[in-house]
Amino acid sequence: MSILLALLAPVLGALVYGFERIVRARMQRRKGPPLLQPFYDMAKLLDKRLVMVHALHVSLGVVHFILLWVAVAMLFLGGHLLLILFVHLFALLALVMAGYSVRSPYSHVGANRELLALLAYEPVLILVATGFYLTTGSFYVEEILTQSPKLGPLWMCFLALLLVIPIKLKKSPFDALEAHQEIVGGVEIEYSGAFYEVLYMAKMVEYLFVYGLVWLFAGDSWLLGLVLVSLVFLLVNAVDNATARVRIDHLLRIVALGGLGLATLNLIGVSL
């Protein structure tokens with residue numbers, strides 16, 4: 001079952017994204033697109049003429065997608081959590097390098113923001129993983145899930161993760177990384193057609209990665225896992241609909257001070 005979920009990660013992520021667009025539309029009292037709209041978008045992108053800046057730019061986008069898919073597969077198959085985070089980190093670095101590999105100033109600004117945000121939230125993810133180790137004695141996802149729920153002893157780490165999720169999913173108030181009104185999509189601006197579809201599918205896979213981390217706090221309780229993921233899903237989209245974008249320096253300050261502070265205090269408490 002886990003192998004099948006890992007193989008179908010882009011498809012499952014697209015369904016989650018399609019459902020999210022419906023939920024957001026309902027929150028705004030709109031009908032919204034159909035559930036399968038992401039698949040229609042993919043078909044339309046495949047039909048467009050292939051245009052690329054240079055081969056390295058395209059290759060880095062493909063590497064970004066493949067590494068994200070590998071990270072999600074490792075998560076579903078119960079792999080080592082720190083190794084999963086490192087693979088995920090390399091996927092993001094590939095995207096940053098792609099942004100720097102072209103001459104577009106918008107792409108460079110987007111790459112700068114991606115890198116700054118990464119430096120802010122990646123330590124938070126590592127501290128969350130450390131929290132799982134302190135409460136379960138293992139970094140392996142399979143062993144973490146066999147233990148009792150971690151939401152009790154790691155509730156501050158859970159709050160720290162909530163600050164990271166809007167950045168990962170490019171949601172307000174932390175969507176400065178690809179602010180379309182400011183930098184026209186950031187690192188994605190020079191991708192088009194089938195090459196942009198690679199990044200589009202990477203976004204779908206990112207959804208599974210983020211909500212997979214949320215599920216870890218449920219431990220061996222499927223019911224708690226469904227409740228946590230559902231509540232976080234609704235919360236993220238409600239906040240996205242109700243808030244305006246903050247500046248990139250405010251984003252870094254909130255995540256670096258708030259996220260790191262919460263996670264650090266939680267680990268100190270668990271250790272004592």
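Look up: the structure comes first, before these words.
This structure is a prediction, so every number in the text was calculated from the model and none was measured.

### Thoughts on the nonpolar core
Counting 71 residues, the largest nonpolar core has Leu81, Tyr121, Val214 and Phe217 as its most contacted members. With 15 residues, helix α10 (residues 193-216) is the largest single contributor of residues to this core. Those residues within four positions of Tyr121 in sequence are excluded, and the remaining contacts are Leu92, Val164, Ile167, Lys168 and Val255. Val58, Leu95, Ala98 and Ala111 belong to the second largest nonpolar core, which has ten residues in total.

### Structural notes on the environment of Leu60
Looking at the secondary structure, you find Leu60 in helix α4 (residues 55-76). Here Leu60 falls in the buried class, since its relative accessible area comes to 11%. Sequence-wise, Leu60 and Arg247 are 187 residues apart; in three dimensions their C-alpha atoms are separated by 27 Å. Those residues in contact with Leu60 that sit more than four places away from it in its chain are Ala94, Met97, Ala98 and Tyr191.

### Some words on the pattern of salt bridges
With the rule as written, the count across this model stands at five salt bridges. Among the ionic pairs, Glu20 bridges to Lys171, the shortest N-O distance being 2.6 Å. Here Lys171 lies in the loop between α8 (155-168) and α9 (180-183) and Glu20 lies in helix α2 (residues 9-27), a separation of 151 residues in the sequence. Accessibility assignment for this pair places Glu20 and Lys171 in one class, buried.

### Considerations on the side chain of Asp41
Looking at the secondary structure, you find Asp41 in helix α3 (residues 37-46). Residues in contact with Asp41, not counting those within four places in the same chain, are Arg21 and Tyr200.

Reading guide: rules and limits
- Residues numbered from 1 in each chain as written.
- Predicted model: local features only at pLDDT ≥ 70, side-chain atom pairs only at ≥ 80, totals over all residues.
- Heavy atoms only, no water.
- Core = buried A, V, L, I, M, F, W, Y, C linked by side-chain atoms within 4.5 Å.
- Buried < 20%, exposed > 50% of the residue type's maximum accessible area, 1.4 Å probe, protein only.
- Helix = DSSP H or I, 4+ residues; strand = E, 2+ residues; numbered from the N terminus.
- Contact = heavy atoms within 4.5 Å.
- Salt bridge = Lys/Arg side-chain N within 4 Å of Asp/Glu carboxyl O.

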